[in-house]
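Here is what each chain is made of, one letter per residue.
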Amino acid sequence: MRQLARRSFVAGAAGVVAGVVTTVTAAGEAAAVTPRRTGVPARPGGHHVERRELRGMWVATVGNLDWPSAPGLSPAVQRAELIAYLDEAVARRLNTVVLQVRPTADAFWPSPYEPWSQYLTGVQGKDPGWDPLGTAVGEAHRRGLELHAWFNPYRVANHTDPSRLAATHPARLHPDWVLPYGGKLYYNPGIPEVRRFVQDAMLDAVRRYDIDAVHWDDYFYPYPVAGQVFDDDATYAKYGAGFPDKAAWRRDNTDKLVRETAERIKKIKKNVQFGISPFGVWRNAATDPLGSETKAGVQTYDDLYADTRGWIRKGWIDYICPQIYWNIGFAAADYAKLVPWWSEVVRGTGVDLFVGEALYKAGDPAQPAAWQDPAELSRHIDFAAAYDQVRGHVYFAGRDVVTDRIGAMDRVVRDHYRSRVRPPR
């Protein structure tokens, strides 16, 4: 997920939610309701056929972006803030919360592989005195919500000083696994032991908890930083034989991570889904005729070494949730061009398509004029409704769902989410 400047709450999350929410839909409310889409097929006799869709929100923990609102809060306050987000999801008639539980090679559960997250207590490795992921799963399910556990595979720290990591952190025990780049530390994706380790660390949560999905964001190899080099030459020299160039080798490393994780998830729990939320542009059409009619400065295939289109076509993932974080009519990456492109990519594959929506841009004065209109996001939902492969939308991020700066989320709910529905399965 693209890093955003933090915007402070005027109060704790629980207080904000209490102030915004006036009516909470009963948990587990029946979903046999008239769907929002026009032209939905009808049964004989004129009754509408329920169309399931995913309605989700991301809740980010890295940098305490959404939750907890600050490190070092008491377990009771942390739990209350988490519950407030779940209740907000119900009030907005959403059905899925995507909770970040491994933001920087750490854990929001008692992991045998990695330390407790610093975003809980302020001290990496310090026991917070409760089980956030276990609580989130139980409380989400009580409310009729799915809980998708969001992991970042390779990011170790948002700084480059290994001495600031917990003494038992795997990155300190295996310094040869780690590379600094762009002011951050990353695990080196080209090392087979690293690939196996990060899988083990993430899959521990699949074994322990009744999560509904494993969810990854857009960080594989890091986003390019001008003037800096991700120095994996030695790793390429050791493991890159047989590849035409380093780019092909890097993509193969990412492919292996995706394919192996997918296979292992299904062996552990076949009903747990595997979804990925990549940057919204695979490749521009000027680069590849199979690409989208965009002029994006980043292409996941070329810059992040992530063949997102290929993973869909090979059936390695259950859903794709591209971050189509641009307005309708945006010249370089038009929402109205990307939704049809992704719709055709998933057609016939069995992979569900959900659209990542940039709620955080609504009302931000630094954004284009379209984002100053509270109706922009609602227009997105209207537009996507014409494409039958789109099975839902996910909004970034949790605190923006709560604060809803200019009422854009209110507008979406009023126009499209009149009753609760179940996610597609």
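The structure we're discussing is the one just above.
None of the values given here were measured: they were computed from a predicted structure.

## Details of the sheet that holds strand β3 (residues 146-151)
The strands that make up a sheet are held in pairs by hydrogen bonds between backbone atoms, and each pair lies either parallel or antiparallel. The sheet built from eight strands closes into a barrel, its strands ordered β1-β2-β3-β7-β8-β9-β10-β11 with parallel pairing. Sheet analysis places β3 next to strand β7 (residues 213-216), joined by four bridges and oriented parallel. Across the sheet, Phe 151 pairs through a bridge with Trp 216, a residue of β7. Relative to strand β2 (residues 96-102), helix α6 (residues 192-208) is tilted by about 135°, and along the sheet it contacts β2, β3 and β7.

## Considering the packing of aromatic side chains
Inspection of every chain in the model, using the stated rule, returns 29 aromatic pairs. Their ring planes at 85° and their centres at 6.1 Å tell us that Trp 109 and Phe 151 sit as a pair that is edge-to-face. On the criterion of sequence distance, the pair formed by Trp 109 in the loop between β2 and α3 (118-121) and Phe 151 in strand β3 is long-range, its members being 42 residues apart. Residues Trp 109 and Phe 151 agree in their burial class; the two are buried. Members of the aromatic cluster, connected to one another through ring pairs, are Tyr 181, Tyr 186, Tyr 221, Phe 230 and Tyr 305. Between the NZ or CZ atom of Arg 155 and the centre of the ring of Tyr 219, over which it lies, the distance is 5.2 Å. Over the ring of Trp 282 we find Arg 309, and its NZ or CZ is 5.6 Å from the ring centre.

## Side note on the environment of Arg 55
Its place among the elements puts Arg 55 in strand β1 (residues 54-59). Classification of Arg 55 by relative accessible area gives buried; the value is 2%. Separated by 90 residues in the primary sequence, Arg 55 and Leu 145 place their C-alpha atoms 9.9 Å from one another. A polar contact is formed between the side chain of Arg 55 and the backbone oxygen of Arg 93, at a distance of 3.1 Å.

## Quick look at the packing of helix α11 (residues 335-346) against helix α12 (residues 376-384)
In the contact formed by α11 and α12, the axes pass within 11 Å of each other and the chain directions differ by 35°. Where α11 crosses over α12, the two elements pack in a sense that is right-handed. Along its contact with α11, which presents Tyr 335, Ala 336, Val 339 and Pro 340, the element α12 presents His 380, Phe 383 and Ala 384. Residues of the contact of α11 with α12, tallied by class, amount to six nonpolar, one polar and no charged.

## Quick word on the side chain of Asp 404
By secondary structure assignment, the location of Asp 404 is in the loop between α13 (398-403) and α14 (408-416). At 3.0 Å, the side chain of Asp 404 and the backbone nitrogen of Ala 408 are in polar contact.

## Here's the deal with the pairing of strand β6 (residues 184-187)
Side chains Lys 184 and Tyr 186 project from β6 onto one buried face, and the interleaved Leu 185 and Tyr 187 project onto a second face that is buried too. By the bridge criterion, two bridges tie strand β4 (residues 155-157) to β6 in an arrangement that is antiparallel. Among the inter-strand pairings, Ala 157 is bridged to a residue of β6, identified as Leu 185. The pairing of strand β5 (residues 178-181) with β6 spans four bridges and is classified as antiparallel.

## Structural notes on α12
Along α12, the residues classified as buried are Glu 376, Leu 377, Ser 378, His 380, Ile 381 and Ala 384. Where α12 is buried, its residues touch α11, β10 (352-357), β11 (390-395) and α14.

Cut-off values and rules
- Residues numbered from 1 in each chain as written.
- Predicted model: local features only at pLDDT ≥ 70, side-chain atom pairs only at ≥ 80, totals over all residues.
- Heavy atoms only, no water.
- Pairing = 2+ DSSP bridges.
- Helix = DSSP H or I, 4+ residues; strand = E, 2+ residues; numbered from the N terminus.
- Contact = heavy atoms within 4.5 Å.
- Axes fitted to C-alpha atoms, helices over the stretch in contact; angles between N-to-C directions.
- Phe/Tyr/Trp six-rings, centres within 6.5 Å; stacked < 30°, edge-to-face > 60°.
- Buried < 20%, exposed > 50% of the residue type's maximum accessible area, 1.4 Å probe, protein only.
- Lys NZ or Arg CZ within 6 Å of the ring centre and 35° of its normal.
- Polar contact = N/O pair within 3.5 Å; in protein donor to acceptor, adjacent residues only side chain to side chain.
- Left-handed = near helix turned anticlockwise from the far one by under 90°.
- Nonpolar A, V, L, I, M, F, W, Y, C, P; charged D, E, K, R; others polar.

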